[in-house]
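For reference, the chains in residue letters:
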Amino acid sequence: MTKQFTVGDKVRVVALPAYVKTAEPMPMLRPPDVIRIGEEGIILDRRPGGYWGVRFAKGAFLMESQYIEKVSVTPQTHQSDE
């Protein structure tokens, strides 16, 4: 089952792969500890081979759908102290 995301969606890491690939023109393999479970990122684009380009705090990486989930955004109400 492949999850579908849209560019700009906020996602959360739910599991770590054995390694992660950088989202560069020539992807490089990195150890999985450059990201952590629960870390949130933004979908940049869809890549061939079932990968999603995701921007995290430490850079952009290619993630498969099974390792990420969409973060549900709840509307926040702002209260003023007037």
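Given the structure is predicted, the values throughout are model-derived calculations rather than measurements.

## Topic: the nonpolar core
Right, so step 1: In terms of nonpolar packing, the biggest core is built from 14 residues, with Ile35, Ile43, Val54, Phe56, Met63 and Ile68 touching the most fellow members.
Right, so step 2: Elements supplying a minimum of two residues to this core: strand S1 (10-13), strand S5 (51-56) and strand S6 (59-64).
Right, so step 3: Counting residues per element, this core draws most heavily on S5, which supplies 3 residues.
Right, so step 4: Each residue touching Phe56, except ones within four places of it in the same chain, is listed here: Val13, Ile35, Glu39, Glu40, Gly41, Phe61 and Met63.

## Notes on the packing of aromatic side chains
Right, so step 1: Inspection of every chain in the model, using the stated rule, returns 2 aromatic pairs.
Right, so step 2: An angle of 85° between the planes, with centres 5.3 Å apart, marks the rings of Phe5 and Trp52 as edge-to-face. Of this pair, Phe5 sits in the segment before S1 while Trp52 sits in strand S5, placing them 47 residues apart in sequence.
Right, so step 3: Of the residues examined, Trp52 reaches a relative accessible area of 3% and is grouped as buried.

## Overview of the pairing of S6
Right, so step 1: Most of S6 sits out of view: 5 of its 6 residues are buried.
Right, so step 2: Pairing geometry for strand S2 (residues 20-22) and S6, over 2 bridges, is antiparallel. Residue Lys21 lies in a different strand from S6, and its bridge partner there is Leu62.
Right, so step 3: In the sheet, S5 pairs with S6 via 6 bridges, with the strands oriented antiparallel. In the strand pairing of S6, Tyr51 is matched with Glu64.
Right, so step 4: Here S5 hands over to S6 after 2 residues, the two strands then running antiparallel side by side.

## Quick notes on the environment of Ser65
Right, so step 1: Its place among the elements puts Ser65 in the loop between S6 and strand S7 (68-70).
Right, so step 2: Ser65 gets classed as buried once you look at its relative accessible area, which sits at 5%.
Right, so step 3: Here the side chain of Ser65 touches Trp52 through a polar contact of 3.0 Å, side chain to side chain.

Conventions adopted
- Residues numbered from 1 in each chain as written.
- Predicted model: local features only at pLDDT ≥ 70, side-chain atom pairs only at ≥ 80, totals over all residues.
- Heavy atoms only, no water.
- Core = buried A, V, L, I, M, F, W, Y, C linked by side-chain atoms within 4.5 Å.
- Buried < 20%, exposed > 50% of the residue type's maximum accessible area, 1.4 Å probe, protein only.
- Helix = DSSP H or I, 4+ residues; strand = E, 2+ residues; numbered from the N terminus.
- Contact = heavy atoms within 4.5 Å.
- Phe/Tyr/Trp six-rings, centres within 6.5 Å; stacked < 30°, edge-to-face > 60°.
- Pairing = 2+ DSSP bridges.
- Polar contact = N/O pair within 3.5 Å; in protein donor to acceptor, adjacent residues only side chain to side chain.

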